[in-house]
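Spelled out, the chains give:
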Amino acid sequence: MKIKLVSIGLLFLLTLYGHAQVKSFKPEKLFPEQDTTAKFYTVSGERHGPSFFKKHKFPEVEYSPGDQLTFDKYHTVEVMYYWYERWAEEHPEIVDLYVVGHSLEGRPVYQMTLTNKSTGKDTDKPAAYFEGGRHSGEITSSESILWMTQHLIEHYGKDEEITHLIDTKALYLRPQNNPDGSNLYLFTEQRNRSSVKPHDNDRDGLVDEDPEEDLDGDGIIYQIRKKAVTEEEKKKANYIIDPDHPSGKLMKRVFPGKGEYLIYTEGIDNDQDGSFNEDGIGGLDLHRNYPENWRPDIGGDLTGRGYTQYGAGEYPLSEPETRSTVLWVLSHPNISVVNSMDTRVPMHLRPPSTSKSEERMYPQDLEIYREMDELGLSYTAYPWAGDVYETYSTRYKVNSMTGDPLKPSPLFGHGPDFGYFYYGSIWYGDELWNNGAMKDYNGDGIYNDYDALRWDEEENEGKGFKSWTPFDHPQLGEVEIGGFHPKFFGQNGPTWQLENWAKKQAQFNLAMAMRLPELKVNEPVVKKISDNKYEISISWENVGGLPVALEQAKLVKIVQEDRVSLDFEKELLEGYENAKVKITTPKLYDKTIYAGYTGKAEKKSATFRVEVNSNEEISGKIKLSSTRGGLFVKEFKLN
């Protein structure tokens, strides 16, 4: 199979030429997950802590592709890539597969363009972009992209709406934007969220020196609870056994000194600073690395009085994974709809991330976003849909410990803010899964660990929680190890829940794609005014569910207004007053009709006047060019 290799550094240049370099895909080197002889998984980069971890295979994960793609297990990056390669081979008429960039460790980042090639180029059509896997451990998002891809391909030519979508639109699908982190997550006990780039999380001058450890050898990082014994421990103790839960398993957080237990994540204090596992592999947050409203990482504000953003990176787009996304969408301004997904607060999450919606969004755009919020809830029934700054931050009205009212809180360098304010699109950063908190069992208005444990015990056969088990800790002494399964209950759901969550989120994304702008362009009308003068008219209507430009897109000039022009053979236009064909209207030098931006359900038309100084038949083309509505070329004849 042939796939395209798109170098991020040359992305814009390659776009200008229209074609990327093509090569057969073969791994340029053997990565740890591919080395079946190795017992340890080694991570690239220089750090003060370990860079290798014992390999572990989880029963919840499919590590080799089967004959059929099913969603009763999670899939590794390689398995996902296998299916993308296979679909590209089996459906070349609608699938293009290419490498859009490379991760920090050099792994390819696959992306698919899904469109009917016989109806035109993808760049000449309205488009949507969907991405998963940015946060390495939040793998449910990748599964949703994989489910959607299979669904679209299998139903093309069978389902009328999907066939129309692929015939008239372009879909850009990226299942794994952080293959380094996802592989580490799926092949070892590490439960990282970031890329694997070394990062000094605790700002002690050492890098990645204190990762988590699987002390009991079960391949899973659980929690440690320790009964406070010494006076110093009692001063710090901030957990009690939750008296409201009958099992006695659940821990409840209280103020320091009010508790009986201390809680740690499984591991040791490698740097002996009193904190456990606070500086493991990586730490950068690829969803805080976007250029809109970016702020420096912790410690980067030298006044101590401004804002910082944990995990922001050295500078905006410092990380290749984020950079590849931003450069791709900027070189493809035909994209109107984006969803770049995470886990685990079940929410349709959108801009703004640093202000209230009404403060900075155009009312017309906000109305569209709110319609999309409701559309999403109709498919997913998530508890929340709305902006990051206010809705997400105050989804629970008060702090459960202090009783203080929650206030709006900003996130900086966030994808949805880039998507709207910088790129002028509908851009969501949806979160899938809910930590098992399926319903509010105790009626307190909060979906928390109490609800998760009740559901686990009643619906999940208790498989999501490990009962507290005595363990002799090398530093803490007598402790117990237990708690929620962090990977396949806390951060992602048990496998029997996977397809439901992947599917319903994919259905929302598909519904947004179905609402892309769609210009229905009529055949040109030629009217003879006199012996050698003609009117050439064209009309169109936006029958899609979105305008060709949000108000914000117009403001930041990410899109041009719709334009109509005539195209004749060059020699017919030469000679000024003696030319065989003269475009007399419009009178503008560039002979272009600027038609503004076509709104939803809006009808428009454009009329040219032409003078012909020839008795021979003249062929011409009329072009309607809309950045996000598409390119349309119609032929006509004169004389």
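What you see is a predicted model; the values in this text were computed from it and never measured. (Residues numbered from 1 in each chain as written. Predicted model: local features only at pLDDT ≥ 70, side-chain atom pairs only at ≥ 80, totals over all residues. Heavy atoms only, no water.)

Caption draft 1: View of the overall build of the chain. Tallying secondary structure elements over the chain gives 16 helices and 31 strands in all. Radius of gyration (C-alpha) of the chain: 28 Å, near the 26 Å computed for a compact globule of 639 residues. The principal-axis extent of the C-alpha atoms belonging to the chain is close to 105 × 55 × 50 Å. Within the span of the chain, comprising 639 residues, buried residues form 56% of the whole. Expressed as a percentage of contacts within the chain between residues at least 6 apart in sequence, the contacts between residues at least 24 apart total 70%. Carbon together with sulfur atoms contributes 49% to the accessible area of the chain, which is approximately 27,900 Å² in total. Both charge centroids of the chain, one from 75 positive and one from 103 negative side chains, sit 5 Å from each other. (Helix = DSSP H or I, 4+ residues; strand = E, 2+ residues; numbered from the N terminus. Rg over C-alpha atoms; globule rule 2.2 N^0.38 Å. Buried < 20%, exposed > 50% of the residue type's maximum accessible area, 1.4 Å probe, protein only. Contact = heavy atoms within 4.5 Å. Areas by Shrake-Rupley, 256 points an atom, 1.4 Å probe, with all protein chains shown as cover. Lys, Arg positive; Asp, Glu negative; His and termini not counted. Charge placed at Lys NZ, Arg CZ, Asp CG, Glu CD.)

Caption draft 2: Looking closely at the side chain of lysine 226. Take lysine 226: it is sitting in strand S11 (residues 223–227). A distance of 2.9 Å separates polar atoms of two side chains, one belonging to lysine 226 and the other to glutamate 233. The residues touching lysine 226, leaving out its near neighbours within four places in the chain, are Glu233, Glu260, Tyr261, Leu262, Tyr264, Leu476, Glu478 and Val479. (Polar contact = N/O pair within 3.5 Å; in protein donor to acceptor, adjacent residues only side chain to side chain.)

Caption draft 3: Representation of helix H3 (residues 140–155) within the structure. Compared with an ideal rise of 1.5 Å per residue, which puts 16 residues at 22 Å, H3 spans 22 Å between its outermost C-alpha atoms and is within 8% of the ideal. With 13 of 16 residues buried, H3 lies mostly within the body of the structure. (Expected span 1.5 Å × (residues − 1).)

Caption draft 4: Quick look at the packing of H3 against helix H4 (residues 160–168). Following both chains from N to C, one finds H3 and H4 inclined at 100 degrees, their axes separated by 9 Å at the closest point. Considering their axes alone, H3 and H4 lie roughly perpendicular with respect to each other. For the pair H3 and H4, contact is made by His151, Leu152 and His155 and by Ile162, Thr163, Leu165 and Ile166, respectively. Residues that form the contact of H3 with H4 fall into these classes: four nonpolar, three polar and no charged. (Axes fitted to C-alpha atoms, helices over the stretch in contact; angles between N-to-C directions. Parallel < 35°, antiparallel > 145°, perpendicular 65-115°, else oblique. Nonpolar A, V, L, I, M, F, W, Y, C, P; charged D, E, K, R; others polar.)

Caption draft 5: Fine view of the environment of phenylalanine 471. If you trace the backbone, phenylalanine 471 turns up in strand S21 (residues 465–473). Overall, the relative accessible area of 23% leaves phenylalanine 471 in the partly exposed class. Each C-alpha atom of the pair phenylalanine 471 and isoleucine 481 lies 6.6 Å from the other, and the pair is 10 residues apart in sequence. If sequence neighbours within four positions are ignored, phenylalanine 471 has contacts with Leu215, Asp216, Gly477, Glu478, Val479, Glu480 and Ile481.

Caption draft 6: Local environment of unusual backbone geometry. Cis geometry is found at the peptide bond from threonine 343 to arginine 344, where omega equals 20 degrees. Relative to the assigned elements, arginine 344 resides in the loop between strand S16 (342–343) and strand S17 (347–350). Omega for the bond connecting threonine 585 with proline 586 falls within 30 degrees of zero, at 5 degrees, which places this linkage in the cis form. The residue proline 586 is located in the loop between strand S27 (581–585) and strand S28 (592–594) in this model. The residue arginine 203 is not glycine, and still its phi comes out positive at about 55 degrees. Inspection of the secondary structure puts arginine 203 in the loop between helix H5 (179–187) and S11. The phi torsion at aspartate 208 lies on the positive side, around 55 degrees, for a residue other than glycine. Tracing the chain through its elements places aspartate 208 in the loop between H5 and S11. Owing to a relative accessible area of 0%, aspartate 208 belongs among the buried residues under this scheme.

Caption draft 7: Molecular detail of the sheet that holds strand S30 (residues 618–626). Reading across from one edge, S28-S26-S30-S31 is the order of the four strands in this open sheet, with antiparallel pairing throughout. At either margin of the open sheet sits one strand with a lone partner, and together these are S28 and strand S31 (630–638). In this sheet, neighbouring strand axes are inclined to one another by 20 degrees on average, regardless of whether the strands run parallel or antiparallel. Strand direction decides the pairing type here: strand S26 (residues 563–567) and S28, joined by three bridges, are antiparallel. Looking across to S28, one finds that arginine 563 is bridged to tyrosine 594. (Pairing = 2+ DSSP bridges.)

Purely geometric stuff here, so don't read any function into it on its own.
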